[in-house]
Amino acid sequence: MNDNIPILLKEYAVSRWTSDPYSLGGWSVLRRGASPSTRSFLGQTPFGDNRNNGGTILLAGEYTNPTNSGMVHGAYLEGVRAATWCLEQQQQAKRDATSSTDSDGGETLAAKKIRVVIIGAGATGLACARALHDSKEEKFQGDNVVVLEARSRIGGRVHTVSLESSTKTAELGANWLQRRPHNPLYDLIVTPHQLQIQETDFLQPLEFPTSRRVAPDRVDLIMNEFAARCQAKAGRYSNNSEELDNLKGSVKLQVDDNADTSIQDVLDQWIKDMANDTNSSFPYTQAQLLHVMEGELMVDTGVPLSEMSSQFGMEPGVGEGDAWVVGGYDQVLQIIAEPIKHQIQLNCETTMIQSREADATATNTDNHAPLLIEYQETHSENRTNETKHLLADLVVCTVPAAVLQNEGIKFVPPLPQRHQTALHQLATSQVEKVVLRFSHRWWPISPCNNGNDYIRVHGSKFGDVSEWLDCTDAYNGVPILSGLFSGPWLRDIWYHEDGSNRCEKDIAERVVACLKDAILQEEER
């Protein structure tokens, strides 16, 4: 590093996920009182009997995956599950059909052409459409499947951007292919298409300020005690785990909040125990405890610790063979979408899903399609919106949980109260990303030295923490940093005091100032 070379920010890109009406944040997190069964329940059809009449609407996304939530491959697997549901509906109709027509002359689901409308062209929606295409089932081919996407691009919360002056790409959304032993995208997409990937070692971050680093053995000690304290706090809550993890129909959905605690509750009691410890039995200081909690929890969750379930809030995530795709994560989704591009309609924002049984004006036409989809199609050439309608036999709704919580889509009739309750047991991470390209690499190189350096930067207040991926080596020396922010720092950097958005230039400059303060001034001291 040459201290005499001025640090020049050459290019930047900034995300706006928390204010994006089609995401309203990042990934889903279990609130206090929720469990993985909350996710499983949301993945059941909200209308109809799941055992006999599978209904006509299915919710699917990373938030309905009880074991791989918050990750792209978890969303992908939910899309495959949704496609299986569509195929099962068709097979069940064939089994139940006693004739080719209903008593009133209409075609049965088994006999007629079926239209499936998939709402959202993120990982879940694309996986569902692709799985139906690959099934070779005639009734789910061609224009029988329609994917409505509100944005002008596919991918959802996977958003690769190009840095024009450097011809390189970076991620403003999902970054890593996570949990390699459990991730089907490696075998299905990455390996056969020979995509270049770089592994990330999250266990060896280059951390700033260096004076606050905690030794790896102490980090392990603190995290192990954290897990033990969470389990101890769970009490009778954990005794119901078998019932919760096999949630069916009439089984209690919402756990008694008094039986669960938040992660903040656990941390507060921990600090009290340390303050009352007269024998100095804790092999770490309170400052070290808070530093580790900040680094290991704050960015990875993006949700206030007071909202997170201590029993189930820390779900499986980063660290198991994680790798990022050099050249862009969007390559994965483009490959999935290739044979189904003709089924995708961009700039089409779904506003309503209505049962035609609830519509007194509906007539027995169009093969008795039970669902009416209303959407707004945006015409970019003249910036006008046109209200359009589609009739559907089956609908797979893949929009994020936060959008459903915010009633971004109107259901007629409304979602059952149990589904609404379950939805509000989920929080959504409030995180943002920024990509910076500099004139030269002015920051130290991580000791990992494996071409995909992982850096963690802490600020002056608790909760001020950001995580960085140094892409420089993977991009043949082009000095690019990709950073993730949450908590107080995000609010201070992305927003004015009155809550209004700062401009991208202001955000980028503030981020650079934080980096310089943590890295350069630490070295000077």
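Residues numbered from 1 in each chain as written. Predicted model: local features only at pLDDT ≥ 70, side-chain atom pairs only at ≥ 80, totals over all residues. Heavy atoms only, no water.

**Quick word on the packing of aromatic side chains**
Inclusion rule: Stacked, tilted and edge-to-face are the three classes assigned to paired rings of Phe, Tyr and Trp, where Trp is represented by its six-membered ring and a pair needs centres within 6.5 Å; plane angles under 30 degrees give stacked, over 60 edge-to-face, the rest tilted. A run of H or I in DSSP becomes a helix once it reaches four residues, and a run of E becomes a strand once it reaches two; helices and strands are each numbered from the N terminus. Residue exposure (1.4 Å probe, protein chains only): buried if accessible area is under 20% of the type maximum, exposed if over 50%, otherwise partly exposed.
Summed over all chains, the structure comprises 11 aromatic pairs. On the numbers, 6.3 Å between centres and 80° between planes, the contact of Trp-270 with Tyr-284 is edge-to-face. Pair noted here: Trp-270 is in helix 7 (residues 263–275) and Tyr-284 is in the loop between helix 7 and helix 8 (286–301), with a separation of 14 residues, a long-range link. Accessibility assignment for this pair places Trp-270 and Tyr-284 in one class, buried.

**Here's the deal with empty space enclosed by the protein**
What counts, and what does not: A pocket, in this scheme, is an open set of points on a 1 Å grid over the protein atoms alone with protein on both sides within 12 Å along at least 5 of 7 lines, while a cavity is a set where a 1.4 Å probe fits but cannot get out; residues line either one if an atom lies within 4 Å of a point. Grid points are joined across faces, edges and corners, and a volume is the space filled by probe spheres set on the points.
Within this structure, the stated rule accounts for 1 cavity of 30 Å³ or more. Its volume calculated, the largest cavity comes out at about 60 Å³. Every residue along the wall of the largest cavity is listed here: Thr-169, Ala-170, Glu-171, Asn-175, Trp-324, Val-325, Gly-328, Leu-469, Cys-471, Tyr-475 and Ser-482. Elements with a contribution of two residues or more to the lining of the largest cavity: strand 7 (168–171) and strand 11 (323–325). With 3 residues, strand 7 is the largest single contributor of residues to the lining of the largest cavity.

**Concerning the sheet that holds strand 8 (residues 176–177)**
Heads up, the rule is: Strand pairing is assigned whenever DSSP detects at least two bridges linking the two strands.
Spatially, 8-11-9 is the arrangement adopted by the 3 strands of the open sheet, whose pairing is antiparallel. Edge positions in the sheet fall to strand 8 and strand 9 (197–199), since each of these pairs with one other strand and no more. Bridging between strand 8 and strand 11 involves 2 bridges; their strand directions are antiparallel. Following the sheet pairing, Trp-176 is matched in strand 11 by Trp-324.

**Points about the side chain of Asn-175**
For clarity, the threshold we go by: Pairing of N or O atoms within 3.5 Å defines a polar contact, subject to two protein rules: one partner must be a possible hydrogen donor and the other a possible acceptor, and residues neighboring in sequence count only if both atoms are side-chain atoms. Here, residues are in contact when the closest pair of their heavy atoms is within 4.5 Å.
Counting through the fold element by element, Asn-175 comes out in the loop between strand 7 and strand 8. Reaching out from Asn-175, the side chain makes a polar contact with the side chain of Lys-433 at a distance of 2.6 Å. If we ignore the near neighbours within four places in the chain, the residues touching Asn-175 are Ala-323, Trp-324, Val-325, Tyr-329, Lys-433, Leu-469 and Ser-482.

**Quick notes on the pairing of strand 5 (residues 145–148)**
Filter applied, for reference: Call a crossover right-handed when, viewed with both strands pointing away from you, the route from the first strand across the helix to the second goes clockwise.
Burial along strand 5 is two-sided: the residues Val-145 and Val-147 and Val-146 and Leu-148 are all buried. As judged from the 4 bridges shared by strand 4 (residues 116–119) and strand 5, these two strands associate in the parallel manner. Looking at strand 5, one finds that Val-117 is bridged to Val-146. In this view, the connection linking strand 4 to its parallel neighbour strand 5 by way of helix 3 (residues 123–134) has right-handed handedness. For strand 5 and strand 12 (residues 344–345), the ladder comprises 2 bridges, and the chain directions are parallel. Each bridged residue has a counterpart across the sheet, and for Val-147 the counterpart in strand 12 is Ile-344.

**Quick word on the environment of Cys-397**
Position of Cys-397 among the secondary structure elements: in strand 16 (residues 394–397). Not counting residues within four places of it along the chain, the set of residues in contact with Cys-397 comprises Leu-58, Leu-59, Ala-60, Ile-119, Ile-353, Leu-404, Ile-409 and Phe-411.

**Here's the deal with the environment of Phe-41**
Structurally, Phe-41 is set in helix 1 (residues 36–42). Among the residues examined, Phe-41 registers a relative accessible area of 4% and is labelled buried.

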